Amino acid sequence: MKRFLLSASAMVLLPACATTEPEPIDAGAFIAAMPAEDEADLPALIVETAVPLPLPGQMMPLGETVPRGRTTADDTSPTETIAAGRTSALIEPSVDGYVNAIQVYPYTEGALYRLYASPGQVSDIALQPGEDLVSVSAGDTVRWVVGDTVSGYGPTARAHVLVKPISTGIRTNLMLATDRRTYHLELESQEDGYMAALSWRYPGDELASLTARNDRAIAREASSIERGLSLEGLNFDYHLTGDSPDWKPVRVFDDGRQVFIQMPDNISTTDMPPLFVLGPASEAELVNYRVRGRYYIVDRLFRAAELRLGTRRQTVVRISRNEARAPLFGG
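Residues numbered from 1 in each chain as written. Predicted model: local features only at pLDDT ≥ 70, side-chain atom pairs only at ≥ 80, totals over all residues. Heavy atoms only, no water.

(A) Highlighting the sheet that holds strand β6 (residues 112–117). The five strands are arranged β3-β6-β12-β11-β8 in an open sheet whose pairing can be described as mixed. One side of each edge strand has no neighbouring strand; the edge strands of this open sheet are β3 (90–91) and β8 (133–138). Relative to β6, β3 runs parallel, the two being bridged by two bridges. For I91, the partnering residue across the bridge sits in β6 and is Y113. (Pairing = 2+ DSSP bridges. Helix = DSSP H or I, 4+ residues; strand = E, 2+ residues; numbered from the N terminus.)

So, in structure tokens, the structure goes:
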């Protein structure tokens, strides 16, 4: 019975504390707070995006046009034009491109990748992990042995295409279609050397992954108010008076050095009201504040503040901080 009476007394005292009226404040004593940029701590800065460019030898001089009746800017025949385009698109292996025994090409749509092979040796064409091989098409399936296999399992499974010529001095082309892209290769058989394996790196995918990681970082920053907040030190003893617009704050609290004004969920669809503050000693002071998500973060404590919207007939919501917290049970 005593426990019930104590709870009832607390319920009577709580409304009395919540309805404490702050002392009158001159509205002309407030000064506009200055909004400041809130810099997000992103994991990486993207300075340039990947743009497909013509391969070497495919660019025409500036201002030059193709004359009527011709297929190119000069008098070359279609056969010569095709050969020139194929040669320009061909990417040869390089010393810098080797990682151990694997030649790693940068993937570019429409490029031709050279693979040197030898009779009696198997050359491995490794695709991107998780990429599914749809079809394999070779120009010469009589003198070239072509097969495929898979290494690993699950999301890290990797498709491999294995090629082997039966004699030297032969050439053919190979087209690989996957669920992500298309590869074009030029195969050449020689006696004095072969490429054990080749694979690709994908600048477009790397950029997409970096962009997605940045987006997650921005979303994470927007969903958090401030780092290092201690729940034990938060003070919610603030009063809201004045008008009741749709953008009226739903909660105000501080951590002893900053004030956090929580706006309603629909604040993104309305105008953000500017903030005017009054210093702890009722003097006008210049204060900075930032907007993070639906929170106003004021960089110092204040005695009172007002959110104002409009010009002639302003809508005003005043935020007042209690100078001393009222005891819960009167002592």
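What follows continues from the structure just given.
(B) Geometry of the pairing of strand β5 (residues 102–106). Side-chain alternation along β5 places Q103 and Y105 on a buried face and I102, V104 and P106 on a face that remains uncovered. Relative to β5, strand β4 (residues 98–99) runs antiparallel, the two sharing two bridges. By the bridge assignment, Y98 is partnered in β5 with Q103. Count of turn residues in the β4/β5 antiparallel hairpin: two residues, of which N100 carries a positive phi of about 55°. Of the pairings in the sheet, the one linking β5 to strand β13 (residues 197–201) comprises five bridges and is parallel in character. In the strand pairing of β13, Y105 is matched with W200. (Buried < 20%, exposed > 50% of the residue type's maximum accessible area, 1.4 Å probe, protein only.)

(C) Spatial organisation of the environment of F302. With respect to the secondary-structure elements, F302 resides in the loop between β19 (295–298) and β20 (304–309). What makes F302 buried here is its relative accessible area of 2%.

(D) The arrangement of the nonpolar core in detail. Ranked by internal contacts, the top residues of the largest apolar core, which has 23 residues, are I125, L174, L176, Y183, L185, L198 and W200. Elements represented by at least two residues in this core include exactly β6, β10 (158–165), β11 (171–178), β12 (182–189) and β13. It is β6 that provides the largest number of residues to this core, a total of four residues. Apart from residues lying up to four places away in sequence, L185 is in contact with Y113, I125, T172, N173, L174, L176, L198 and W200. Core analysis: the next-biggest nonpolar cluster, separate from the first, contains 19 residues, V252, M263, I267 and V298 among them. (Core = buried A, V, L, I, M, F, W, Y, C linked by side-chain atoms within 4.5 Å. Contact = heavy atoms within 4.5 Å.)

(E) Geometry of the sheet that holds strand β9 (residues 144–151). Across the sheet, which stays open at both edges, the six strands sit in the order β4-β5-β13-β7-β10-β9 with mixed pairing between neighbours. Looking at the sheet topology across the chains shown, the edges are occupied by β4 and β9.

(F) How the structure looks around the pairing of β6. Where burial is concerned, most of β6 is hidden: six out of the six residues are buried. Residue alternation in β6 divides its side chains into two sets, L112, R114 and Y116 and Y113, L115 and A117, and both sets are buried.

Keep in mind these numbers describe shape, not what the thing actually does.
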